[in-house]
2 protein chains.
Amino acid sequence: MISWKDKLVIIDMKLQHSTERKQTSKEIYRQACGVIPGGVSRNTVYRRPNPDYVANASGCYVTDIEGVQRVDFANNMAALIHGHAHPAIVDAVTEQLKKGTAYTLASEVEVRFAQLLNERAPGFEKIRFVNSGTEAVMAMIKASRAYTNRPKIAKAEGAYHGTYDFAEISQTANPTNWGDIKKPNSVPLANSTPQGVLNDVIIFPYNDIEKTIAILDAHADQIACVLIDPVPHRVGLLKGTNEFIEALYQWTRKNDALLVFDEVVTLRVNYGGAQENFSIKPDLTALGKIIGGGFPVGAIAGRSEVMKVLDPSELKIRFPHSGTFSANPITMTAGYVAMDLFDKAAVLKINALAQKAIMQIEQAIKIAEVSISITGAGSMFRIHPKKTPPKTYREAYQSNVEKSIINELLDYLYYKENIMMINTCACMFSTIISQKEVDVLAEAMLNGFKLIKPKLDKLQTN
Amino acid sequence: MISWKDKLVIIDMKLQHSTERKQTSKEIYRQACGVIPGGVSRNTVYRRPNPDYVANASGCYVTDIEGVQRVDFANNMAALIHGHAHPAIVDAVTEQLKKGTAYTLASEVEVRFAQLLNERAPGFEKIRFVNSGTEAVMAMIKASRAYTNRPKIAKAEGAYHGTYDFAEISQTANPTNWGDIKKPNSVPLANSTPQGVLNDVIIFPYNDIEKTIAILDAHADQIACVLIDPVPHRVGLLKGTNEFIEALYQWTRKNDALLVFDEVVTLRVNYGGAQENFSIKPDLTALGKIIGGGFPVGAIAGRSEVMKVLDPSELKIRFPHSGTFSANPITMTAGYVAMDLFDKAAVLKINALAQKAIMQIEQAIKIAEVSISITGAGSMFRIHPKKTPPKTYREAYQSNVEKSIINELLDYLYYKENIMMINTCACMFSTIISQKEVDVLAEAMLNGFKLIKPKLDKLQTN
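Every chain is numbered on its own, with residues counted from 1 as its sequence reads. For naming, the first written chain is A and the first written ligand is 1, with later ones following in the order written. Per-residue local features are limited, in this predicted model, to residues with pLDDT of at least 70; the limit for side-chain atom pairs, both in listing and counting, is 80 or more; totals at the level of whole chains, interfaces and linings are taken over all residues. Only hydrogens and water are removed before side-chain values are computed, so all heavy atoms of the structure are retained for them.

J.: Before we go on, may I ask you to explain the overall build of chain A in this structure?
T.: Secondary structure is summarised from DSSP: a helix means a run of H or I of at least four residues, a strand means a run of E of at least two, and numbering begins at the N terminus for each. If you tally the helices and strands in chain A, you get 16 helices and 14 strands. Each radius of gyration is computed over the set of C-alpha atoms, and the globule rule expresses the reference value as 2.2 Å times the number of residues to the power 0.38. Relative to a compact globule of 462 residues, whose C-alpha radius of gyration would be 23 Å, chain A shows 23 Å and is just as compact. When the backbone C-alpha atoms are referred to their principal axes, chain A occupies close to 70 × 65 × 45 Å. A total of 462 residues make up chain A; the buried ones form 66% of that total. Accessible areas in this description were obtained via Shrake-Rupley with a 1.4 Å probe; residue shielding takes into account the shown protein chains only. About 16000 Å² of surface is accessible on chain A, with carbon and sulfur atoms providing 52% of the total. Residues scored as charged are limited to Lys and Arg (positive) and Asp and Glu (negative), so that His and the chain ends carry no count. Throughout, a charge is located at the NZ atom of Lys, the CZ atom of Arg, the CG atom of Asp or the CD atom of Glu. On chain A, the mean spot of the 52 positive side-chain charges and the mean spot of the 48 negative ones are 3 Å from each other. Relative accessibility under 20% of the residue-type maximum defines a buried residue, over 50% an exposed one, and the middle range a partly exposed one, all with a 1.4 Å probe and only protein chains included.

J.: Would you mind showing me how to read the domain arrangement of chain A here?
T.: It is common to give the size of an interface as the accessible area lost on bringing the parts into contact. Residue and element names in this part refer to chain A. Splitting chain A by domain gives domain 1 (52-81 + 344-461) and domain 2 (88-341). Between the C-alpha centres of domain 1 and domain 2 the distance comes to 27 Å. Whether two residues are in contact is decided by their heavy atoms, any of which lying within 4.5 Å being enough. Opposite the 32 residues of domain 1 that make contact, domain 2 presents 31 residues. When two components associate, each loses some accessible surface as probed by a 1.4 Å sphere; the sum of these losses over both components is called the buried area. Taken together, both faces of the contact between domain 1 and domain 2 bury some 2600 Å²; the carbon and sulfur share is 62%. When the buried area of domain 1 at its contact with domain 2 is split by residue, M380, Y393 and R394 rank highest and sum to 30% of it. Whenever Lys or Arg places a side-chain nitrogen within 4 Å of a carboxyl oxygen from Asp or Glu, that contact is recorded as a salt bridge. Where domain 1 meets domain 2, there are one salt bridge. The partner of E157 in a salt bridge is R394, and the shortest N-O contact between them spans 2.7 Å. Each polar contact in these results corresponds to two N or O atoms within 3.5 Å; when the atoms are within protein, one needs to be able to donate a hydrogen and the other to accept it, and residues that are neighboring in sequence are counted only if both atoms are side-chain atoms. Our count for the domain 1 to domain 2 interface comes out at 15 residue pairs in polar contact (both at pLDDT 80 or more). Contributions of two or more residues to the side of domain 1 that touches domain 2 are made by α3 (75-78), α13 (344-368), β11 (373-377), β12 (380-384), α14 (393-396) and β14 (426-428). What marks off one domain from the next here is an automatic or database domain assignment.

J.: Please clarify how the side chain of B:T252 should be interpreted in this entry.
T.: Residues and elements named next belong to chain B. If you trace the backbone, T252 turns up in helix α10 (residues 242-254). For T252, a relative accessible area of 0% corresponds to the buried category. Those residues in contact with T252 that lie beyond four places of it in its chain are V226, A257, L258 and L259.

J.: Looking at this structure, I do not really get the nonpolar core. What am I missing?
T.: It is characteristic of soluble globular proteins that their nonpolar side chains tend to be buried jointly. By convention a nonpolar core is built from buried Ala, Val, Leu, Ile, Met, Phe, Trp, Tyr and Cys residues, the set being connected through side-chain atoms within 4.5 Å. Within the largest apolar cluster, 174 residues are counted, with the highest numbers of intra-cluster contacts made by A:M421, A:F429, A:F449, B:M421, B:F429 and B:F449. Those residues in contact with A:F449 that sit more than four places away from it in its chain are A:I361, A:A364, A:I365, A:A368, A:V370, A:I372, A:I383 and A:L409. The next biggest cluster of nonpolar side chains, apart from the first, holds 64 residues, and it includes A:F166, A:L227, A:L258 and B:F319.

J.: Explain the packing of helix α5 (residues 108-118) of chain B against helix α12 (residues 329-341) of chain B here, please?
T.: When two helices pack together, their arrangement is given by the angle between their axes and by how far apart the axes lie. All names here are of chain B. Interaxial angles span 0 to 180 degrees and are taken between N-to-C directions of axes, which are lines fitted to C-alpha atoms, for helices over the stretch in contact. Interaxial distance between α5 and α12 falls to 9 Å at its minimum, and their mutual angle equals 35 degrees. For the pair α5 and α12, the crossing hand works out as left-handed. The residues of α12 that touch α5, namely those facing V109, E110, R112, F113, L116 and L117, are P329, M332, T333, G335, Y336, M339 and D340. Working rule for handedness: look at the near helix, and if it is turned counterclockwise from the far one by less than a right angle, call the crossing left-handed; if clockwise, right-handed.

J.: Honestly, the packing of aromatic side chains in this entry has me stumped. Any pointers?
T.: Aromatic ring pairs are reported here in terms of the distance separating the ring centres and the angle at which the planes meet. Pairing of aromatic rings covers Phe, Tyr and Trp, the last through its six-membered ring, and needs centres within 6.5 Å; plane angles under 30 degrees mean stacked, over 60 mean edge-to-face, and all others mean tilted. Within the structure shown, the criterion is met by 26 aromatic pairs over all chains. Aromatic pair A:Y393 and A:Y397: ring centres 6.2 Å apart, planes at 75 degrees, arrangement edge-to-face. By relative accessible area, A:Y393 is classed as buried at 9%. An aromatic cluster of three or more residues is present, and its members are A:Y164, A:F166, B:Y164 and B:F166. Definition used: whenever NZ (Lys) or CZ (Arg) falls within 6 Å of the ring centre and also within 35 degrees of the ring normal, the charge is taken to sit over that ring. Taking the ring centre of B:Y414 as reference, the NZ or CZ of B:R70 above it sits at 3.9 Å. Directly above the ring of B:F166 sits B:R145, whose terminal nitrogen or CZ lies 4.5 Å from the centroid.

J.: Just checking my understanding: could you explain the relation of the copies chain A and chain B for this structure?
T.: These two copies of the chain differ by a rotation about an axis and a displacement along the same axis. The two copies are related by a screw operation: chain A maps onto chain B through 180 degrees of rotation and 0.0 Å of translation along the axis, at an RMSD of 0.0 Å. Taken together, these values place the two copies in the relation of a two-fold axis. For chain A, the smallest separation between a C-alpha atom and the rotation axis is recorded for A:G196, amounting to 2.2 Å. Comparing interface residues between copies, 100% of those in chain A also lie at the interface in chain B; the contact surface is shared. All copies are superposed by least squares; the fitting set is the C-alpha atoms of residues with a pLDDT of at least 70 in both.

J.: Sorry if this is basic, but what is going on with the sheet that holds β12(A) here?
T.: Backbone-to-backbone hydrogen bonds pair the strands of a sheet. The strands run either parallel or antiparallel. All names here are of chain A. Here, strands pair whenever DSSP counts at least two bridges between them. Reading across from one edge, β11-β12-β14 is the order of the three strands in this open sheet, with antiparallel pairing throughout. Two strands in the sheet have a free side with no partner beyond their single neighbour: β11 and β14. Along the sheet, successive strands turn relative to each other by an average axial angle of 15 degrees, direction set aside.

J.: Can you walk me through the interface of chain A and chain B in this structure?
T.: Taken residue by residue, the interface counts 130 residues in chain A and 130 residues in chain B. Between chain A and chain B lies a buried interface of about 11700 Å² when both sides are counted; carbon and sulfur atoms form 62% of it. Area buried by chain A at its contact with chain B is led by A:T104, A:L105 and A:F325, which between them contribute 6% of it. Our count for the contact surface shared by chain A and chain B stands at four salt bridges. Linking chain A to chain B there are 57 residue pairs in polar contact (both at pLDDT 80 or more). Within the side of chain A that touches chain B, the residues separate by chemical class into 66 nonpolar, 37 polar and 27 charged. Think of it as three bins: nonpolar holds Ala, Val, Leu, Ile, Met, Phe, Trp, Tyr, Cys and Pro, charged holds Asp, Glu, Lys and Arg, and polar takes everything else, Gly as well.

J.: How should the sheet that holds strand β6 (residues 201-204) of chain A be read in this particular structure?
T.: All names here are of chain A. The strand order across the open sheet built from seven strands is β4-β10-β9-β8-β7-β5-β6, with neighbouring strands paired in mixed fashion. Both outer strands of the open sheet, β4 (126-130) and β6, are each paired with one neighbouring strand and no more. Each strand of the sheet is rotated relative to its neighbour by a mean of 20 degrees, with strand direction disregarded. In the sheet, strand β8 (residues 258-262) pairs with strand β9 (residues 284-288) via three bridges, with the strands oriented parallel.

J.: Would you mind going over the pairing of strand β11 (residues 373-377) of chain B with me for this structure?
T.: A regular strand places its side chains so that they alternate between the two faces of the sheet. In terms of burial, β11(B) is largely enclosed, as five of its five residues are buried. The two faces of β11(B) match: B:S373, B:T375 and B:A377 on one face and B:I374 and B:G376 on the other face are all buried.

J.: Which parts of the structure should I look at to understand helix α2 (residues 25-35) of chain A?
T.: Each α-helix winds once per 3.6 residues, and so residues spaced three or four apart point in a common direction. Residues and elements named next belong to chain A. Restricting attention to buried positions, one finds in α2 the residues S25, I28, Y29, Q31, A32 and V35. The buried residues of α2 occupy an angular sector of 160 degrees when the element is viewed end-on, so they sit on one face. Summarising the geometry of α2, the exposed residues directed more than 90 degrees from the buried face are K26 and R30. In this context, the arc is that of the directions from the helix axis out to the C-beta atoms.

Structure representation (structure tokens):
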């Protein structure tokens, strides 16, 4: 048998194969379609005629194998708070790599990281790590059921909470199926979602206190938890109002249910997450994205009394839970460094720059004389093809024409201005972005707005 | 603000804190209990009075912070096919790290890795990557529903398939709740699992053709898929018989259902997974563990026609699915190197050594005159406190006394012989293990068998 060193040389050659042959992204994508459904591993990176393949990325710049360098305002769907290949993370992970990536024993860094995260928000009394935001929300829902002895959850129409079926009901509800706003339908995302799942998910309209409370009241003794993203991206990147969150909190206190937050995306909004904006504390919070320092991660944090359902030292474990790669020392190390660097000063700085970007884009909107609005919080914002900022999911919902205009804008920014954004036309900043890139973005937006103005005007006068 | 370089020095100091102060595992665990429920991130690493914390690991040896070095036969719950910090994986990942760990674009290595894996088994026509075995099984079940337009799944009593609630029904069924073997109960794992979930999971007895077919027949038009682990660890690490698997296959053909395999653990059994042993091909297969090269991973592979439910280029996506960290280039790179090294010769070699180990342990059983049996396949085996190898989950099920005897054996091996095994008393080999470690294991087993013999004899004559 040949040695692993010889094998490695061969593997290196294989993996460099296409660069030697100078294959294009188009050619690689053609090969991808032969082995991967639709050629992509994540629907979010799907792009016609083909996605581009990355050669390397550094800071806020991503270079594809054609040599095109783009400014990255997507940051792997908001997951990279310090951009790409931050030297502090690369150094720390390189050191840990030599000591192993996963054991059937514990590692100290998981304890240090737990301490670091729990310190950020008063509601984070105990924490458990998992491997993705999807796993975090699933664990949070299961923990809520196990603690309350109830089966149902309530969630907002249009809100994205990962791919656990209970969490994804009504994520893409549309005018043909969403029903009466006073009692929105539970709309399945995946084909043949079991009826039992639909029955156990109660849908309410985000930020509408009166209707939401009436809907919750109708299932009061069955609801384990009310699940809220405090700035839900797919609902419209709208901030939850103080009054709405407070009303949900009071309702859950009165009805022995839990209030649980999905802060997988929004933890970045303040040092202690978007929940810092409210006077109340959620019982549980799902985390993910930025806390992994660029590696697969998720977590649930919350009240000790509730988190006890996970405790393996209990006589009866109410929610037995494990995971082969949970709290692996690579993710913990990268996450520790990333979150330690994302301190209060860093949060203030990134938020200030994002707000500056919004101001510059608002100026571009004025100059281009387009009816476009912006929503967001902290280091995140989203562009809407709407005259006034949407206040609800149904207002933010885009018609096919609106979607095609936004896609034209995104394509223009991507192909002509070399700017990467999230496919909802949103930016999620990294700390590596500077005024220079913001100026590039605002200028590009202005050009893009001018491009789509005729279609937008035509649509909006109709 | 201080620079990241200065910050990194501070972070390094923080993370080295305990080693400088020479904290013990006991002390770290006490701190862990303050921030993590029960002090552990995974129930599998829970151990009284405390888990040990790893300082570093290399090859088949793990050293804890007390300086104790142990031989690792657990390999992070069967996930590390080449043991710890394999230099080829460390080198390849170190290179990728500098280019970034995750993008909102595609990367070529995901295509190369897809090609490499699909080549291993004829049933792997298309593949999609996710972040864990749990996510893989969840995606496989959702894909089955989306393809067949049916809500229910059927699974074996006692089988472990990750933490998606539909997949974990009856995983720990016991004599007080498992019911009639002709129609086993759907037993929840987590507290307050919704009744709808229990209703949609049909439980059958593994390897019992007649009863299983009768059970399936009773729900024939509702079953989306029959979910099978071909060598289910928690059922007893029993091989699925040819007749059983063939019968399930024929039943699914006749009833328009899918036969789906969970090979998260068992892919290691042959070059093409445990499915290589059967004449039939499953429609879908869930993968995980070893294919990540030590990093968080999962995948589903299967027939193109079925996998098409995931295809984002379809007009209507039947199963919309994404994931922030899915197919990230670090996991893909580590996985590529690991699986390329785990070639046909490597599979034969590891399996031969594991079979040698079983022979040596069987000799130890004879010498110690204990009634102990061994089950397993390929590079995996499990020790049972039973005179004859169990043939069903209910036979393999251990009473509290049997469990306490096995725990005494495991504790003896861990603390006195410095041997790490999986907590079911199972070994999952890595390619780095040699005859030397097998000799150590067999000798240690002999000593352990002598230790537990009086209690075992007493139990078995009762």
